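Geometric and topological summary
Below are the chains, spelled out letter by letter.
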Amino acid sequence: MFPIALCLLLLLLLISKWSVQPNPNHPSVDKSPDFYCGAEKTDGAHFIHNGYKFYGAATQSTDYPRTGKYASKLDATHQFGMTFVLDHPTPGQLYKAEVWRYTKKPGKSFLVVSAEKKEDFYWSTDKDVETEGSWYTRMELVFKVPENKDLQSLKIYVYKEEGDGILLFDDFQITALDSIPNLATGQFQPQDYFMNIDELGVEKLQSIKERSYSHGVLIKTDADRVKAKVTTAKGIKTGKVRLKGDWLDHIFKGKSSFRIQLDAEDNWQGMQTFSLQTPQTRGMLNEWIYHQFLGLADVLSPRYDFINFHYNGDRPMVYAYEEHFTKNLVENQLRREGPILKFTEDRFWEGMSRSNRNSRQMAGADNKESAFWDAQIKPFKEKKTINNPALHSSFEIAQNLLQQYKHGLKKTAEVFDIHLLAKYLAITDIMQATHALTWHNQRFYYNPVTNLLEPIGFDGFGSEATLKPEAPLYSEKVYYQNSASTEPIDRVFYDPEFIELYLTYLRKYSNPDFIKKFMAKMEEPIAAREQFLKKDQSAYNYDRTSLIKRSNKLQEKIVPFENGIQAFRSGKNEDSMTVSLLNTHILPLEITHIGNAKKLDKTTRKYGWVFPSPQGTLPEYLEVTVPLEATTVYYRLTGQDTTYQSLIANWSTPNNWTPRQELLASLPADKKPYTEEGNLILFENKNYLIEHPLVIPKDKKVVIEPGAHLKFKNKAFLLSFSAIDMRGDEEEPIVIESLDDHSGAVVVMQASAPSLVRYVLFKNQNTVAYKGWNLTGAVTFYESDVKIIACHFIDNRCEDALNTVRSNFELGSSKFKNIFGDAFDADFCKGTVSKCSFQDIGNDALDFSTSTIKITDTNMDGVGDKAISAGERATIFAKNINVNKANIGFASKDQSMLTLDLVNLRATAKGFTAYQKKPEFGAATIHLKRHTMVDVKYPFIIEAGSVLNK
């Protein structure tokens, strides 16, 4: 019987030649191999096929060929089998080597690729990825030719370890790949996966569900595992199963999620530990496409696809499988075995559970924050990691790196493979897979070769995931929202080296042409999986336009606008100045140059990055020192060729203060020079030395007694928001005096009651000049009515000795002498001037704009410009006015009406003038009644259109 059975087996093997279905987890399986060896023909020491030579002809054997008549047999005599030498391999090129192995009489064997010196490159596997019949299995090794070494050759071969055992190899082929292994191509053929759990196991899992319902989250421990048998096309396997997931969507509606751990000697699809869950828990096709996108960029992610899942004989259900965090994950993606780490999340979920049980509500952000800072760093496969000296050593290094990441202790490039991290975050941003970025969803692989961490992308979507083209970038939220997030990933977005790469990859991967090509390449696998998912949800359709719309929206968002950088002058030295820069774009911008637009020096150093300021907070400026002649800031978005420019404003940055605000809070209670009782503020009959600005708030009654002498210095002044009662008398006048020519201003601002100023000597005063708040008057009343009687204004040092604005006033029996500018300037006022004298005035004696004024019985002697000036629709009546030695006696300007009676002019250059000075006004008018002129050079100067009525 045995020979007949053997013949039948050989016949089946021949019939099955090349009939093995392609594995959807690997690319280019439908592509013809570049190099093939079937062990059929030999030439000396070589197997030959289509002109290519493989070493190992001495191993040719007729025992158990998979195809044809021959296979390559390794035994105690021959340790090395089929061997191909790839001469001058192209750096960066991907290859897949695969060979079928007959294992009825097994020994330990490997599929290997190696450089001449193993330390330059060496990769091997002893794992099967596919089974055919009873004894043939397929080994597969995907590798990338090193990019940083000029290798003369690579040797690809099979060998067995010394000792007993016989192995046969057949159909050895090597194929150049176009893309990395995780990118799905070829036909999608969902496998059937059967899992059976006995009655006791089902009851245990049900009790865990009921416990979790009361907690509001899925509570799980290693003790919750139950035994299971799984059946696939490769036979029956045993293992342990527990419920899987965090939120209750993983156990609702009778469709539970499972974590399966097969026994050590078993695997399925090359995985020993993996999860099964409904596609809804990962956003249907969104998660699968996310994995394909990551794979395209060589970023680690678990294998993820869809199956027909049969649970305890029930009808098949559409499920997704997801690889767990074991060495199979990293080795399948061309990395050497190294620990995979995470932050423990037990404290987070326990906090959620307690809050739900006790308060019937979800725990808040404080739970997430506390759990993060309490989280421990642990490896997956903890026992194996700690018991393996090499892995243990690697984990302790990896733990240090993750601790540095957690606390922001090192630069990003010192902790991570920064290119892979930038690709990962750019793709996650584009796909809106930001569910993956919260700290308790993050997973990290420690690469023992580079001594750096790599991110592992997974769990990008929740059960309600939809792609919204207009949604903000994660990085945009980091910069703009200023949230109290404890996410450690947020810090990397402020690392200039990282952000340069992140923006480069964001530009690359969000380019609409790139996305369209990616989606076109993925259309066949997407369509096949979409049709499969419809078995469970007939109305489901994957929106193929959403990612393209997203890419278009991102192009709109990420390209800077003109004036994306605002620049202000903040200070200057002899040969340089400080410029403050504000980024108004949603992403960081790189300042390439700051200089003069007319003589741009291309060699000038770069000034670094300006990061966006969070919305709703004070702007954050970057201050840089630039040449004095600089006028323009040049900037760009990394990854973009276009350079933008902004002019440097001729003013400083907006700030969170004003001089008035500062003054109102400036004087401590123990430094008040006056007496205060209730609302009464009293300056008594004594001397006061005032060296700091003195501010009096509103709703006070301010009284300055006769004989009080207020002496000001160091630019000090009196600013009152209450009316002032200055009751001097002829015997004891009040004196307001500046000791240094820069102080002594008196300002009454928006007082609710009228002020009285009587018998006051204002001497040597200057005006308010406080940190940019500059007034014109030494004595100023703004929106504050006042009566000024018998006062002297002497030796004034500023533009106006007396200035009233938007006020009603009376000025009587007062004297102005030796005034630097105007003696009295009133704007938007109504008032009277009577029995006053003006002597040695630098500019105008009386200057009124948009006011209604009556002037009587007043003398002017020695006026530098105009004795009386009426401007901007002012209405002035003046009677009994004597003017001696003025430049202009009387001026009416800009639609003003000046009425004069009994006026006398002597020794004056110009007598009466009427004209339009400002284009927004019109001609002016003078009504002149009784008047005399002696020694007046130009009696009347009346501009065309203006009127003089006599």
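Look above for the structure.
Model, not experiment: these values are computed from the prediction.

1. Overview of the overall build of the protein
Looking only at helices and strands, one finds 16 helices and 62 strands in the protein. Out of the 950 residues in the protein, the part that is buried amounts to 53%. At a minimum sequence separation of 6, the contacts of the protein that also span at least 24 residues come to 62%. Carbon and sulfur atoms make up 49% of the accessible area of the protein, which amounts to about 42400 Å² in all.

2. What about helix α14 (residues 512-533)?
With 22 residues, α14 extends just 27 Å between its outermost C-alpha atoms, more than 12% less than the 32 Å of an ideal straight helix rising 1.5 Å per residue. In the structure, α14 departs most strongly from a straight axis at Glu523, where the bend amounts to approximately 55 degrees and where the proline Pro525 lies between one and four residues downstream. Along α14, the positions that sit buried rather than exposed are Pro512, Ile515, Phe518, Met519, Met522, Pro525, Ile526, Arg529, Glu530, Phe532 and Leu533. Turning to α14, the residues buried within the fold contact α3 (285-296), β20 (304-311), β21 (317-323), α13 (496-510) and α15 (545-558). Structurally, the start of α14 carries an N-cap: the backbone nitrogen of Asp513 is 2.8 Å from a side-chain oxygen of Asn511.

3. Observations regarding the pairing of strand β37 (residues 701-704)
The pairing of strand β34 (residues 680-683) with β37 spans four bridges and is parallel. If you follow Ile681 over to β37, its bridge partner there is Val702. Bridge count between β37 and strand β40 (residues 724-727): three bridges; the pairing is parallel. Looking across to β40, one finds that Val703 is bridged to Asp725.

4. A word on the pairing of strand β56 (residues 846-849)
Sheet faces and side chains relate simply in a regular strand, where the side chains alternate between the two faces. The two faces of β56 match: Leu846 and Phe848 on one face and Asp847 and Ser849 on the other face are all buried. Inspection of the sheet shows strand β53 (residues 822-827) paired to β56 by four bridges, in the parallel sense. Looking across to β56, one finds that Ala826 is bridged to Phe848. Two elements, β56 and strand β57 (residues 852-871), share four bridges in a ladder whose sense is parallel. By the bridge assignment, Phe848 is partnered in β57 with Ala870.

5. Here's the deal with the sheet that holds strand β25 (residues 452-456)
The strand order across the open sheet formed by four strands is β23-β22-β24-β25, and the pairing between neighbours is antiparallel. Two strands close off the open sheet at either side, each with one partner strand: β23 (377-379) and β25. Adjacent strand axes in the sheet meet at a mean angle of 35 degrees when their direction is disregarded. Across the sheet, helix α8 (residues 389-407) is in contact with β22 (340-343), β23, β24 (443-447) and β25; its angle to β22 comes to roughly 40 degrees.

6. Let's talk about the nonpolar core
Ranked by size, the top nonpolar core spans 96 residues in total, and within it Leu425, Phe493, Phe498, Tyr502, Leu581 and Ile594 carry the most contacts. With ten residues, helix α10 (residues 418-431) is the single largest residue contributor to this core.

7. Some words on the side chain of Asp417
Relative to the elements of secondary structure, Asp417 occurs in the loop between α9 (412-415) and α10. Those residues in contact with Asp417 that sit more than four places away from it in its chain are Leu452, Leu453 and Glu454.

8. Focus: the sheet that holds strand β30 (residues 622-627)
The strand order across the open sheet formed by seven strands is β29-β28-β31-β32-β26-β27-β30, and the pairing between neighbours is mixed. Two strands in the sheet have a free side with no partner beyond their single neighbour: β29 (608-610) and β30. Each adjacent strand pair in this sheet contributes to an overall mean axis angle of 40 degrees, direction not counted. Alignment of strand β28 (residues 589-595) against strand β31 (residues 632-636), held across five bridges, turns out to be antiparallel. Paired with Glu590 across the two strands is Arg636, which belongs to β31.

9. Some remarks on the packing of aromatic side chains
As enumerated under the stated definition, the model contains 57 aromatic pairs in all. For the ring pair Phe309 and Tyr319, a centre distance of 4.7 Å and an interplane angle of 45 degrees mean the geometry is tilted. Of this pair, Phe309 sits in strand β20 while Tyr319 is found in strand β21, placing the two residues ten residues apart along the sequence. Each member of the pair Phe309 and Tyr319 is classed as buried. For the pair Phe493 and Tyr502, a centre-to-centre distance of 5.2 Å together with 90 degrees between the ring planes defines the contact as edge-to-face. Phe493 gets classed as buried once you look at its relative accessible area, which sits at 0%. A residue is classified by how much of its surface remains accessible, and Tyr502, at 0% relative accessible area, is buried. Taken together, the ring pairs in this structure connect Tyr193, Phe258, Trp268, Phe274, Phe309, Tyr311, Tyr319 and Tyr321 into an aromatic cluster.

Rules and cut-offs
- Residues numbered from 1 in each chain as written.
- Predicted model: local features only at pLDDT ≥ 70, side-chain atom pairs only at ≥ 80, totals over all residues.
- Heavy atoms only, no water.
- Helix = DSSP H or I, 4+ residues; strand = E, 2+ residues; numbered from the N terminus.
- Buried < 20%, exposed > 50% of the residue type's maximum accessible area, 1.4 Å probe, protein only.
- Contact = heavy atoms within 4.5 Å.
- Areas by Shrake-Rupley, 256 points an atom, 1.4 Å probe, with all protein chains shown as cover.
- Expected span 1.5 Å × (residues − 1).
- Bend = angle between axes of the 7 residues up to and from the residue.
- Polar contact = N/O pair within 3.5 Å; in protein donor to acceptor, adjacent residues only side chain to side chain.
- Pairing = 2+ DSSP bridges.
- Axes fitted to C-alpha atoms, helices over the stretch in contact; angles between N-to-C directions.
- Core = buried A, V, L, I, M, F, W, Y, C linked by side-chain atoms within 4.5 Å.
- Phe/Tyr/Trp six-rings, centres within 6.5 Å; stacked < 30°, edge-to-face > 60°.

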